[in-house]
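# Survey of secondary and tertiary structure
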Amino acid sequence: MTLSYMEEIYRFTNEEVRTEALNQQRSSFYMKFLQEGVFTILQFIGCFICLNIGLLFFNYKVKIKEVLKAVTLSFLVTVIVQIVVICWVKFSNLTFTVASLQSIEDKLYITDYINEQDVPSYLLMPLDTISVTHLVFILLLAYGIKTVIKKNYIKSLLFTAKTYGVGVVIWFAFAMVMEMNFN
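## Observations concerning the packing of aromatic side chains
With the rule as written, the count across this model stands at 6 aromatic pairs. Between F57 and F58 the ring centres are 5.2 Å apart and the planes differ by 85 degrees, which places this aromatic pair in the edge-to-face class. Residue classification places F58 among the partly exposed residues on the basis of a relative accessible area of 35%.

As structure tokens, then:
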């Protein structure tokens, strides 16, 4: 090693390194926030479209405004969980980074509670996208659909599984094909 190489390594002050690290954390947080927002909006639109197609297919006469209200109220769970995760990181001893947010969110996924060696590899990706938040979302969505179609909760849960579930399965298939193409 030459002296100029050592000088190059230590040329930054602690304050410059700290400022750069904070700027990196801030930009990565904004990027994650943007990605989560876009993903939530796409999921909202997909859910709304799937439910409306299902309502048309099963010949229910409902107003689009009622379906929009049911989907919006169900999506509040997703937003509330994101806010709780951010507050958890902020008020705990964790560093406020995307990795710390992801570590808390990972505890909510189904794959955190199963042995991955016992599951076929083609089921790992779909199971890795299902979280406790998503299950609560589906239960609330079924309750919202119950008020829209005026049936009991079990029938509305089955309707939600048939319509929204088909959309989710199509999304999983699309995501798996895209992942195989880009890997």
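## Some words on the confidence of the model for the protein
Model confidence for the protein is summarised by a mean pLDDT of 78, while 81% of its residues fall at 70 or above. Across the protein, the secondary-structure element scoring lowest on mean pLDDT is helix α1 (residues 3-9), at 57, and the one scoring highest is helix α6 (residues 132-149), at 87.

## A few points about the layout of surface pockets
In this model, the largest pocket occupies a volume close to 1,100 Å³. What lines the largest pocket is a set of 34 residues, among which F39, Q43, T129, H134 and W171 lie closest to the centre. If you list the elements that add at least two residues to the lining of the largest pocket, you get α2 (14-57), α3 (64-91), α4 (98-106), α5 (121-129), α6 and α7 (153-182). Each residue belonging to the lining of the largest pocket can be placed in one class, and the counts come to 18 nonpolar, 11 polar and 5 charged. In this structure, the second largest pocket occupies an estimated 270 Å³ of space. If you trace the second largest pocket, you find 13 residues lining it, with F33, E36, G37, Q82 and I86 closest to the centre. When residues of the lining of the second largest pocket are assigned to their parent elements, the largest contribution, 6 residues, is made by α2. Looking at the lining of the second largest pocket, its residues break down into 6 nonpolar, 4 polar and 3 charged.

Conventions and cut-offs
- Residues numbered from 1 in each chain as written.
- Predicted model: local features only at pLDDT ≥ 70, side-chain atom pairs only at ≥ 80, totals over all residues.
- Heavy atoms only, no water.
- Phe/Tyr/Trp six-rings, centres within 6.5 Å; stacked < 30°, edge-to-face > 60°.
- Buried < 20%, exposed > 50% of the residue type's maximum accessible area, 1.4 Å probe, protein only.
- pLDDT = per-residue confidence, 0-100.
- Helix = DSSP H or I, 4+ residues; strand = E, 2+ residues; numbered from the N terminus.
- 1 Å grid on protein atoms, 1.4 Å probe; cavity = no way out; pocket = protein on both sides within 12 Å on 5 of 7 lines; lining within 4 Å.
- Points joined across faces, edges and corners; volume = space filled by probe spheres on them.
- Nonpolar A, V, L, I, M, F, W, Y, C, P; charged D, E, K, R; others polar.

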